[in-house]
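One-letter residues, chain by chain:
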Amino acid sequence: MNKKICIGFFKDFSGEDSILISVDIYGLLEMEGIFLKLADGLADFNFSELNLLDKEFRINLIAYKDTQNTGLRHTSNGQYEWRATKEKWHEFREKLTGMYRNGNGGHHYLDSDSADNGDLQVVFSLDEYPMSFWTNK
């Protein structure tokens, strides 16, 4: 990947219906900045506004700073909402920071710890899935 963020829905990915966010280092830095803004009080963010978002491999996703961690859910007509508290957005941002500061790359599960467990699994991946993976999905 070269300066890209790819986001997609995968049925039964790693045993669960999942949203995969696949990035290179530039995409990781952009996502880290968005998570930081949500942790610092930004009310919402539409992922279609990401500068490095690959328009071909994306979903319609809006993130919200909320009072509860309900996670990422399919709402209707191809729309997704990701609701988490500012503390949870901060935790997600720290996981991303660790991916490049500690040099451990790979992936992290961004679990919302939703009480009803009805949310989709979110997998955030750094340099694990080449464009051929996305083209053949």
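Just so we're clear, the structure is a prediction, and the values are computed from it rather than from any experiment. (Residues numbered from 1 in each chain as written. Predicted model: local features only at pLDDT ≥ 70, side-chain atom pairs only at ≥ 80, totals over all residues. Heavy atoms only, no water.)

## Considerations on the overall build of the protein chain
Alright, step 1. When you go through the protein chain residue by residue, the secondary structure sums to three helices and eight strands.
Alright, step 2. Reading the helices (α) and strands (β) of the protein chain from amino to carboxyl end gives β-β-α-β-β-β-β-α-β-β-α.
Alright, step 3. By the compact-globule yardstick of 14 Å for 137 residues, the protein chain fits well, its C-alpha radius of gyration being 14 Å.
Alright, step 4. Going through the 137 residues of the protein chain one by one, you find that 44% of them count as buried.
Alright, step 5. Counted over contacts in the protein chain with a minimum sequence separation of 6, partners at least 24 positions apart contribute 49%.
Alright, step 6. With an accessible surface of roughly 7,000 Å², the protein chain has 44% of that area assigned to carbon and sulfur atoms.
Alright, step 7. Averaging the locations of the 15 positively and 22 negatively charged side chains of the protein chain gives two centres separated by 4 Å. (Helix = DSSP H or I, 4+ residues; strand = E, 2+ residues; numbered from the N terminus. Rg over C-alpha atoms; globule rule 2.2 N^0.38 Å. Buried < 20%, exposed > 50% of the residue type's maximum accessible area, 1.4 Å probe, protein only. Contact = heavy atoms within 4.5 Å. Areas by Shrake-Rupley, 256 points an atom, 1.4 Å probe, with all protein chains shown as cover. Lys, Arg positive; Asp, Glu negative; His and termini not counted. Charge placed at Lys NZ, Arg CZ, Asp CG, Glu CD.)

## Points about the side chain of glutamate 32
Alright, step 1. Relative to the helices and strands, glutamate 32 resides in helix α1 (residues 25-39).
Alright, step 2. Summary of buried charges: glutamate 32 has no salt-bridge partner, and the nearest side chain of opposite charge, arginine 93, is 4.1 Å away.
Alright, step 3. Setting aside its immediate chain neighbours within four residues, glutamate 32 contacts Arg93, Leu96, Thr97 and Tyr100. (Salt bridge = Lys/Arg side-chain N within 4 Å of Asp/Glu carboxyl O.)

## What to know about the packing of α1 against helix α2 (residues 86-101)
Alright, step 1. It is the contact of α1 with α2, at a shortest axis distance of 8 Å, that shows an interaxial angle of 155°. The orientation of α1 relative to α2 falls into the category roughly antiparallel. The handedness of the crossing between α1 and α2 comes out as left-handed. Between α1 and α2, the residues in contact are Ile25, Leu28, Leu29, Met31, Glu32, Phe35, Leu36, Leu38 and Ala39 and Lys86, Trp89, His90, Phe92, Arg93, Leu96, Thr97, Met99 and Tyr100, respectively. (Axes fitted to C-alpha atoms, helices over the stretch in contact; angles between N-to-C directions. Parallel < 35°, antiparallel > 145°, perpendicular 65-115°, else oblique. Left-handed = near helix turned anticlockwise from the far one by under 90°.)

## Re the pairing of strand β4 (residues 60-65)
Alright, step 1. Of the pairings in the sheet, the one linking strand β3 (residues 44-46) to β4 comprises three bridges and is antiparallel in character. Residue pairing across strands places phenylalanine 45 opposite alanine 63, the latter belonging to β4.
Alright, step 2. Pairing between β4 and strand β6 (residues 79-84): six bridges, direction parallel. Bridge pairing in β6 places isoleucine 62 opposite glutamate 81. (Pairing = 2+ DSSP bridges.)

## Section: the sheet that holds strand β7 (residues 106-109)
Alright, step 1. Spatial strand order, β1-β2-β8-β7: four strands in an open sheet with mixed pairing. In the strand order of this sheet, the two ends are held by β1 (5-13) and β7, each with one partner. Direction aside, neighbouring strands of the sheet carry axes that sit 25° apart on average.
Alright, step 2. Here β1 runs beside strand β2 (residues 16-23); their pairing, made up of seven bridges, is antiparallel. Paired with phenylalanine 13 across the two strands is glutamate 16, which belongs to β2.
Alright, step 3. Together, β7 and β8 (121-126) form the strand contacts of α2, whose direction differs from that of β7 by roughly 165°.

So yeah, pure geometry; function would need other evidence.
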